[in-house]
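Reading the structure
Chain by chain, the residues:
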Amino acid sequence: MHTTLISAADLKQLLNAATPVQVYDCSADLMNPATGRAQYEAEHIPGACFVGLDEHLSDKTSRASGGRHPLPSRERFATWLGRTGLTSSHTQVVVYDRQNANYCGRLWWMLKWCGHDNVAVLDGGWAAWQSLGASVENGAGPTLAAEAPAYPLSTARATMVDTTTIAQRLGNPGLTLIDARAAARFRGEVEPLDPVAGHIPGALNRPFTENIGPDGRFKPAAQLRAEFEQLLAGRDLASVVHHCGSGVSAIPNLLAMEVAGLGRTALYPGSWSEWCNTPGVPCAVG
């Protein structure tokens, strides 16, 4: 089974062999929410189900975290997964987008959080699939079942950390924060989405785009390992907690560390959008 990345060629082979595979298209655009579905309906991998960041990967009612994109409860998410046809923990899942794994990484992490380890990001995304000249579909895609068994939740295979824990451990060597936002946002020079500019004090900055090579695929594992080891400078891997603006673009860093053989590290889903709206916590610039 594939649990981190899968190549377009390997996905094509699985589909051609009629191997049970569930494919999800997570294309999105924070500044233009209609873009993702429009891209999907224009062209997508045959059989892929569309996943909306706001509609399916976030929930402001049954929230399991804070921030601009609160996680839904595991139970609510499992109900939706069942309606898409994912009812077995043994099914290979493949997720992709058109934005350097910025959005499909969220679904990859959420499935791990629900206990589903057999999920992989399509390396190179939609462009890699296109480069094969493989078949595509258009239109609205599969119809979700009105009622279906919920996905069978099991022990979480991903770790999340909340604001209280971050605040309590701030300044402690047992906490290493990695912020995936662009450098100008991290420094507080611009802030297009949240009410306060800056970053959590002591955080390291690695924009998520630094994981992607010129070919649109994740950099080789050895290169990723060298880059993260340089960034961490000897800090304990077990202390690493990833975040970004709202718990979405942090995931490519988390995934890249796993691809690099550095293990599965933790996520702060509320991220900067929750932190900067929390009374009494410090914020830094520069």
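The following refers to the structure shown. As the structure is a prediction and not an experimental result, all values here were calculated from the model.

1. Here's the deal with the environment of Gly234
- Along the chain, Gly234 turns up in the loop between helix H8 (221-232) and strand S8 (240-243).
- For Gly234 and Arg169, which are 65 residues apart along the polypeptide, the C-alpha to C-alpha distance reads 19 Å.

2. Some thoughts on the sheet that holds S8
- The strand order across the open sheet built from four strands is S7-S6-S8-S9, with neighbouring strands paired in parallel fashion. On the outer flanks of this sheet lie strand S7 (204-205) and strand S9 (266-267), each paired with one strand and no other.
- Seen against the sheet, helix H9 (residues 251-259) touches strand S6 (176-179), S8 and S9 and runs at an angle of roughly 145° to S8.

3. Considering the packing of aromatic side chains
- Under the counting rule described, the total for this entry stands at five aromatic pairs.
- Between Tyr40 and Phe50 the ring centres are 5.4 Å apart and the planes differ by 45°, which places this aromatic pair in the tilted class. Of the two residues, Tyr40 sits in helix H2 (residues 35-42) while Phe50 sits in strand S3 (residues 49-50), which places them 10 residues apart along the sequence. Across the pair, Phe50 and Tyr40 agree in class, each one buried.
- Three or more aromatic residues joined by ring pairs form one cluster here, namely Tyr24, Phe77 and Trp80.
- Lying over the aromatic face of Trp126, Arg98 brings its terminal NZ or CZ to 4.6 Å of the ring centre.

4. Observations concerning the sheet that holds strand S4 (residues 92-96)
- Strand order in the open sheet made by the five strands is S1-S5-S4-S2-S3, with parallel pairing throughout. With partners counted over all chains shown, the strands left at the sheet margins are strand S1 (5-6) and S3, one partner each.
- Where strand S2 (residues 21-25) and S3 come together, two bridges link them in parallel fashion. Of the residues in S3, the one forming a bridge with Tyr24 is Cys49.

5. A few points about the nonpolar core
- Formed by 52 residues in total, the largest nonpolar core has its most connected members in Tyr24, Val95, Leu107, Trp108 and Trp109.
- With seven residues, the single largest contributor to this core is helix H4 (residues 104-113).
- With sequence-adjacent residues up to four places away left out, Leu107 is seen in contact with Tyr24, Cys26, Val51, Leu57, Phe77 and Val95.

6. Considering the packing of helix H3 (residues 74-84) against H4
- Put simply, H3 and H4 touch, their axes get as near as 11 Å, and they point 110° apart. One element, H3, and the other, H4, form an angle in the roughly perpendicular class. For the pair H3 and H4, the contacting residues are Arg74, Phe77 and Leu81 in the first and Leu107, Met110, Leu111 and Trp113 in the second.
- Among the residues forming the contact of H3 with H4, the class breakdown is six nonpolar, no polar and one charged.

Rules behind the numbers
- Residues numbered from 1 in each chain as written.
- Predicted model: local features only at pLDDT ≥ 70, side-chain atom pairs only at ≥ 80, totals over all residues.
- Heavy atoms only, no water.
- Helix = DSSP H or I, 4+ residues; strand = E, 2+ residues; numbered from the N terminus.
- Pairing = 2+ DSSP bridges.
- Contact = heavy atoms within 4.5 Å.
- Axes fitted to C-alpha atoms, helices over the stretch in contact; angles between N-to-C directions.
- Phe/Tyr/Trp six-rings, centres within 6.5 Å; stacked < 30°, edge-to-face > 60°.
- Buried < 20%, exposed > 50% of the residue type's maximum accessible area, 1.4 Å probe, protein only.
- Lys NZ or Arg CZ within 6 Å of the ring centre and 35° of its normal.
- Core = buried A, V, L, I, M, F, W, Y, C linked by side-chain atoms within 4.5 Å.
- Parallel < 35°, antiparallel > 145°, perpendicular 65-115°, else oblique.
- Nonpolar A, V, L, I, M, F, W, Y, C, P; charged D, E, K, R; others polar.

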